[in-house]
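# An overview of the molecular structure
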Amino acid sequence: MKNFIFQNPTKLVFGKGEIARLPELLPDNVNLMVTLGGGSVTRNGVYDQVKAALGGRRYIEFWGIEPNPRVETLRRAIQLGKENQINYLLAVGGGSVLDGTKLIAAGIAADEDAWDIVLKGVAGDQIPFASVMTVPATGSEMNGAAVITREETKEKYGFGGDYPRFSILDPQVTYSLSEHQIACGLADAYTHVLEQYMTTPGQSRIMDRWAEGVMLSITEIAPKIKDNPLDYDLMADYMLAATLALNDFIRMGITQDWTTHQIGHELTALHGTTHGHSLAIVMPGLLRVLKDQKKAKLLQYGERIFGITAGSDEERADKAIEMTESFYRSLGLTTRLSEEGIGEETIETIASRFNERGVAFGENHNVTGDVAREILESCLLSSGHI
Ligand code: NZQ
Ligand code: ZN
């Protein structure tokens, strides 16, 4: 196990009706701005709950943070925040609203342009922020990451910084999500675990078992949620699984491989593919191309998650990859680029973007633009797959 420092300062407030706790969680005497998306929270009653909880408090609102939040929109929020001496933010929405809010928090505290903050990869000072999270998927409610899009150039990058002071998770907010949103959320959470797990075995039993526990929970609840999307306990497990999948708990002292996310962000930036869906397409291809490098872990994964024990190492590794793709498809997601009308041109664009940036992703720092091309080529065809 590698040396590590772990500190996750987010207070997680979880359960039915917990939005009502806002008054006791928010500090008094702050200049508050509430940040919101396109209106789902008015349709599902979350906004009314927040408004009721904020009672007589003075605050301003910023609406319109879109899915895959755009720096062009967030600059306006930063401007509004500065004009009103805002010193505390409350994000009410999904990962996009919260990620956007993380950049607003940095932009208000800084003099530089918001996109420069994103490009640096790390925020400097940020004003405090918190969330009422309405989509289980990203883990943004309990981590320091944010992913921002620049529409003008169709670029999408992440940066790191502060964690939310608190996040309120009421599983009932998920009742208004569509089947596709749930599928993408489950795919996102599952892939987060895989990207922290699918490197080499023998680094930490605790991290392996913890990650496997989250993956087993997700594969167990996914089909049940399809039949019972209004079952509180199922949705509570889904929501908590998504948080635990990306709140630093399963990556202490181990190597990671975030290649799938990096390629997925390009697909979203270029084609608008929903985040979780982009991962369902890329991950099986990545496993096919890096099978030899990841074989030992693939065998452990295949046995512990899918019960694969028969056959040669090669056959078992292949089966584990097949079962992974089947899992994504069982959620109702396509897993091949051709099924989404994405072809060679996009593959070339992504490969050259990576080569130009000189990146080398993965636990062995060997996924260059050329390897990304191979991965995407292997995600292309729909013939012969499940
Ligand atoms: O904008 P509104 O009207 O609120 O509608 C949203 C949006 O259209 C809607 N929605 C939100 N809560 C809902 C709801 N609809 C019905 N019922 C509810 N309870 O859902 C749509 C999608 O919302 P969005 O916030 O975009 O989804 P998600 O939470 O999946 O966030 C995706 C973004 O997070 C980034 C992704 O790249 C993407 O930009 N990620 C952030 C990470 C992080 N901070 O650590 C890690 C992830 O890997 C991911 O990259
Ligand atoms: Zn993700």
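If you're wondering where the values come from, they're calculated on a predicted model, not measured in any experiment. (Residues numbered from 1 in each chain as written. Chains lettered and ligands numbered in written order. Predicted model: local features only at pLDDT ≥ 70, side-chain atom pairs only at ≥ 80, totals over all residues. Heavy atoms only, no water.)

### Thoughts on the pairing of strand E7 (residues 155–160)
- Where strand E6 (residues 145–150) lies against E7, six bridges are found, and the strand directions are antiparallel. Bridge pairing in E7 links Arg 150 to Glu 155.
- In textbook terms, the turn of a hairpin is the stretch between consecutive antiparallel strands, and for E6 and E7 this stretch comprises four residues, one of which, Lys 154, has a positive phi near 50°. (Pairing = 2+ DSSP bridges. Helix = DSSP H or I, 4+ residues; strand = E, 2+ residues; numbered from the N terminus.)

### Let's talk about the sheet that holds strand E1 (residues 11–14)
- In space, the six strands of this open sheet follow the order E1-E8-E5-E4-E2-E3, with parallel pairing throughout. Each having just a single partner strand, E1 and strand E3 (59–62) make up the two edges of the open sheet. Between one strand and the next, the sheet's axes are offset by a mean angle of 15°, whatever the strand orientation.
- Here strand E5 (residues 129–133) pairs with strand E8 (residues 166–169) via two bridges, running parallel. (Axes fitted to C-alpha atoms, helices over the stretch in contact; angles between N-to-C directions.)

### Points about the packing of aromatic side chains
- Applying the stated criterion to the full structure yields 10 aromatic pairs.
- Note on Tyr 47 and Trp 63: the rings are 5.2 Å apart at their centroids and 65° apart in plane angle, and the pair reads as edge-to-face. One end of the pair, Tyr 47, is in helix H3 (residues 46–54); the other, Trp 63, is in the loop between E3 and helix H4 (71–83), with 16 residues separating them in the sequence.
- The class for Tyr 47 is buried, based on a relative accessible area of 13%.
- The exposure class of Trp 63 is partly exposed, given its relative accessible area of 32%.
- Pairing Tyr 190 with Tyr 328 gives two aromatic rings, centres 6.2 Å apart and planes at 90°, and the pair type is edge-to-face. On the criterion of sequence distance, the pair formed by Tyr 190 in helix H7 (residues 179–197) and Tyr 328 in helix H13 (residues 313–330) is long-range, its members being 138 residues apart. An identical accessibility class is assigned to Tyr 190 and Tyr 328; each is buried.
- A cation sits over an aromatic face here: Lys 16 above Tyr 232, 4.5 Å from the ring centre.
- A cation sits over an aromatic face here: Lys 297 above Tyr 197, 4.2 Å from the ring centre. (Phe/Tyr/Trp six-rings, centres within 6.5 Å; stacked < 30°, edge-to-face > 60°. Buried < 20%, exposed > 50% of the residue type's maximum accessible area, 1.4 Å probe, protein only. Lys NZ or Arg CZ within 6 Å of the ring centre and 35° of its normal.)

### Details of the site of ligand 1
- As a structural note, the neighbourhood of ligand 1 is formed by 32 residues, with Ser 40, Gly 95, Ser 96, Lys 156 and His 261 the closest of them.
- Contact between ligand 1 and Asp 99: a nitrogen atom at 2.8 Å from a side-chain N or O atom of the residue.
- Within the backbone of Ala 145, an N or O atom sits 3.0 Å from a nitrogen atom of ligand 1.
- Taking 960 Å² as the accessible area of ligand 1 by itself, protein coverage stands at 87%.
- Secondary-structure elements contributing two or more residues to the shell around ligand 1 are helix H5 (95–109), E6, H7 and helix H10 (259–271).
- For the shell around ligand 1, a count of residues per class yields 10 nonpolar, 19 polar and three charged.
- Two domains each donate at least three residues to the shell around ligand 1, and these are domain 1 (11–173) and domain 2 (178–385). (Near = heavy atom within 4 Å. Polar contact = N/O pair within 3.5 Å; in protein donor to acceptor, adjacent residues only side chain to side chain. Areas by Shrake-Rupley, 256 points an atom, 1.4 Å probe, with all protein chains shown as cover. Nonpolar A, V, L, I, M, F, W, Y, C, P; charged D, E, K, R; others polar. Domains from an automatic or database assignment.)

### Points about the domain arrangement of the protein chain
- Its domain assignment divides the protein chain into domain 1 (11–173) and domain 2 (178–385).
- Measuring from the centre of the C-alpha atoms in domain 1 to the corresponding centre in domain 2 gives 27 Å.
- Tallying the contact residues gives 25 residues for domain 1 and 23 residues for domain 2.
- Counting each side, the surface lost to burial between domain 1 and domain 2 is near 2000 Å², with a carbon and sulfur contribution of 63%.
- Where domain 1 packs against domain 2, one counts zero salt bridges. (Contact = heavy atoms within 4.5 Å. Buried area = accessible area lost by both parts, 1.4 Å probe. Salt bridge = Lys/Arg side-chain N within 4 Å of Asp/Glu carboxyl O.)

### Some remarks on the pairing of strand E2 (residues 32–36)
- Burial analysis of E2 places five of its five residues in the buried class, the great majority of the element.
- Of the two faces of E2, the one lined by Leu 32, Val 34 and Leu 36 and the one lined by Met 33 and Thr 35 are each fully buried.
- In this sheet, E3 lies alongside E2 in parallel orientation, the contact comprising four bridges. Within the sheet, the bridge partner assigned to Leu 32 lies in E3 and is Tyr 59.
- In this sheet, strand E4 (residues 88–93) lies alongside E2 in parallel orientation, the contact comprising five bridges. From the neighbouring strand, Leu 36 faces E4, where its bridge partner is Val 92.

### Structural notes on the nonpolar core
- One finds Tyr 190, Leu 194, Tyr 301, Tyr 328, Leu 331 and Leu 337 to be the most contacted residues of the largest nonpolar core, which totals 62 residues.
- Broken down by element, the residue count for this core peaks at 10 residues, all from H7.
- Each residue touching Tyr 328, except ones within four places of it in the same chain, is listed here: Ala 187, Tyr 190, Thr 191, Leu 194, Leu 279, Ala 280, Met 283, Pro 284, Leu 333 and Thr 335.
- Counting residues in hydrophobic clusters, the runner-up holds 55 residues, among them Val 13, Val 50, Ala 91 and Val 132. (Core = buried A, V, L, I, M, F, W, Y, C linked by side-chain atoms within 4.5 Å.)

### Topic: the packing of helix H14 (residues 344–357) against helix H15 (residues 369–378)
- Running from N to C, H14 and H15 point in directions that differ by 155°, and their axes come no closer than 7 Å. Considered as vectors, H14 and H15 are oriented roughly antiparallel to each other. For the pair H14 and H15, the sense of crossing is right-handed. Contacts between H14 and H15 involve Glu 344, Ile 347, Glu 348, Ile 350, Ala 351, Phe 354 and Asn 355 on the former and, on the latter, Gly 369, Asp 370, Ala 372, Arg 373, Leu 376 and Glu 377.
- Its residues assigned to classes, the contact of H14 with H15 shows six nonpolar, two polar and five charged. (Parallel < 35°, antiparallel > 145°, perpendicular 65-115°, else oblique. Left-handed = near helix turned anticlockwise from the far one by under 90°.)

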